[in-house]
Amino acid sequence: MLKVLEHPLITHKLTQMRKKETKTKDFRENLDEIGGLMAYEITRNLPVREVEIETPVTAMKTYELEKDIILVPILRAGLGMVGGISNLIPTVKVAHVGLYRDETTLQPHVYFEKYPVGIENAVVMIVDPMLATGGSANAAIDMVKKQGAKDIRLVCLVGAPEGVEAVEKAHPDVDIYLAALDEKLNDQGYIVPGLGDAGDRIFGTK
Ligand SMILES: O=P(O)(O)OC[C@H]1O[C@H](OP(=O)(O)OP(=O)(O)O)[C@H](O)[C@@H]1O
Ligand SMILES: O=c1cc[nH]c(=O)[nH]1
Ligand SMILES: [Mg+2]
């Protein structure tokens, strides 16, 4: 399933990020805020269980979250979405998956991975601002599946049709959430119109 989260606040903030003159500080802040807004929508269908509690007035049946939530930022750029999402869900555990995309072959290379315990029963949210060819997202999904993850959601800001198709083909069980579905990839594998290199813009490395 692909869901594009259309919301005026998300679109406005994404527009600020897309502008080439937007500097690191504003780029980061807008990304953080969009992460939080997306989390609100994405958590709408989280599994809950019925519990019996006592309020100061009486006993009642109500609901609480059934599963742990594990956030999996794809390094580096995915780190920019962790703050905003964990503000909304302070109990999230955070895994780390280090991947970089070779500039010539566009193939993903793994350089780090670390997971919290209990990933098999958790809701796993893989986060990365950019879904371009889909190579990095598919590699990250393969990695968490190898750890036993079953309930997996992919949360990206900007996606290209090519990347969406690649993930849907390789992992039809994974729901994809985007803030925008852009037009295409260019010859260098960048999303058009996109927002450039997310990692470099977040960390000021270019
Ligand atoms: O869908 P793909 O074609 O795999 O491209 C998307 C990947 O490329 C970017 O990371 P990059 O390799 O630039 O690493 P960085 O986050 O360290 O900058 C981006 O953050 C994604 O992880
Ligand atoms: O447009 C793109 C494609 C891959 N990675 C990015 O950061 N931006
Ligand atoms: Mg990058």
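Under an unreviewed UniProt entry, the name given to the protein chain is Uracil phosphoribosyltransferase, and the organism recorded is Breznakia blatticola. Note on the protein chain: under the UniProt heading Function (unreviewed entry), the record states "Catalyzes the conversion of uracil and 5-phospho-alpha-D-ribose 1-diphosphate (PRPP) to UMP and diphosphate." Note on the protein chain: under the UniProt heading Catalytic activity (unreviewed entry), the record states "UMP + diphosphate = 5-phospho-alpha-D-ribose 1-diphosphate + uracil".

(A) Local environment of the overall build of the protein chain. Within the protein chain one finds 6 helices and 13 strands. Taken along its principal axes, the extent of the C-alpha atoms in the protein chain is 65 × 35 × 30 Å. The proportion of buried residues among the 206 residues of the protein chain is 46%. Long-range pairs, those at least 24 residues apart, make up 64% of the contacts in the protein chain with a sequence separation of at least 6. On the protein chain, roughly 10800 Å² of surface is accessible, and the fraction owed to carbon and sulfur atoms is 52%. With 24 positive and 30 negative side-chain charges, the protein chain shows a spacing of 3 Å between the two charge centroids.

(B) Fine view of the side chain of Thr43. By secondary structure assignment, the location of Thr43 is in the loop between α2 (24–42) and β2 (48–54). Polar side-chain contacts of Thr43 include one of 2.7 Å to the backbone oxygen of Ala39. Those residues in contact with Thr43, other than ones at most four positions away along the chain, are Ile89 and Met125.

(C) Structural detail: the UniProt feature "binding site: uracil" (unreviewed entry) in the protein chain. Within the UniProt annotation, "binding site: uracil" (unreviewed entry) is assigned to Ile191, Gly196, Asp197 and Ala198. Position of Gly196 relative to the elements: it lies in the loop between β13 (191–192) and α6 (198–203). With relative accessibility at 34%, the residue Gly196 sits in the partly exposed group. Not counting chain neighbours up to four residues away, the residues in contact with Gly196 comprise Met130 and Tyr190. Take Ala198: it is sitting in helix α6. When near neighbours in sequence (up to four residues on either side) are disregarded, Ala198 contacts Phe27, Ala77, Pro129 and Met130.

(D) Examining the pattern of salt bridges more closely. In total, this model carries 11 salt bridges according to the counting rule given. A salt bridge links Arg153 to Asp151, with the shortest nitrogen-to-oxygen separation between them at 3.3 Å. Just as Arg153 is buried, Asp151 falls in that class too. Here Asp200 makes a salt bridge to Lys206, at a shortest N to O gap of 3.8 Å. Classification of Asp200 by relative accessible area gives buried; the value is 12%. Residue classification places Lys206 among the exposed positions, given a relative accessible area of 79%. Shared partners join several salt bridges into a network, and the residues in it are Lys67, Asp151 and Arg153.

(E) Looking closely at the pairing of strand β3 (residues 59–65). With 7 bridges joining them, β2 and β3 adopt antiparallel strand pairing. Opposite Val48, over in β3, you have Leu65 as the bridge partner. Counting the residues in the hairpin turn of β2 and β3 gives 4 residues.

(F) View of the site of ligand 2. Within the structure, ligand 2 sits among Arg101, Met130, Ala132, Gly189, Tyr190, Ile191, Gly196, Asp197 and Ala198. Between ligand 2 and Ile191 there is a distance of 2.8 Å, counted from an oxygen atom to a backbone nitrogen or oxygen. Take Ala198: an N or O atom from its main chain is 2.8 Å from an oxygen atom of ligand 2. Along the lines of polarity and charge, the residues of the shell around ligand 2 split into 5 nonpolar, 2 polar and 2 charged.

(G) Fine view of the site of ligand 1. Around ligand 1, a shell composed of 15 residues is seen, among which Arg76, Arg101, Asp128, Thr133 and Ser136 lie nearest. At 2.8 Å from an oxygen atom of ligand 1 is found a side-chain nitrogen or oxygen belonging to Arg76. Ala132 places a polar main-chain atom, nitrogen or oxygen, 2.9 Å from an oxygen atom of ligand 1. For ligand 1, whose free accessible area comes to 500 Å², the fraction covered by protein is 91%. Mapped onto the shell around ligand 1, the elements with two or more residues apiece are β6 (96–101), β8 (123–131) and α4 (135–146). For the shell around ligand 1, the element with the highest residue contribution is β8, accounting for 3 residues. The class makeup of the residues in the shell around ligand 1 is 6 nonpolar, 5 polar and 4 charged.

Conventions adopted
Residues numbered from 1 in each chain as written. Chains lettered and ligands numbered in written order. Predicted model: local features only at pLDDT ≥ 70, side-chain atom pairs only at ≥ 80, totals over all residues. Heavy atoms only, no water. UniProt positions renumbered as here; feature names shortened; annotations may be inferred. Helix = DSSP H or I, 4+ residues; strand = E, 2+ residues; numbered from the N terminus. Buried < 20%, exposed > 50% of the residue type's maximum accessible area, 1.4 Å probe, protein only. Contact = heavy atoms within 4.5 Å. Areas by Shrake-Rupley, 256 points an atom, 1.4 Å probe, with all protein chains shown as cover. Lys, Arg positive; Asp, Glu negative; His and termini not counted. Charge placed at Lys NZ, Arg CZ, Asp CG, Glu CD. Polar contact = N/O pair within 3.5 Å; in protein donor to acceptor, adjacent residues only side chain to side chain. Salt bridge = Lys/Arg side-chain N within 4 Å of Asp/Glu carboxyl O. Pairing = 2+ DSSP bridges. Near = heavy atom within 4 Å. Nonpolar A, V, L, I, M, F, W, Y, C, P; charged D, E, K, R; others polar.

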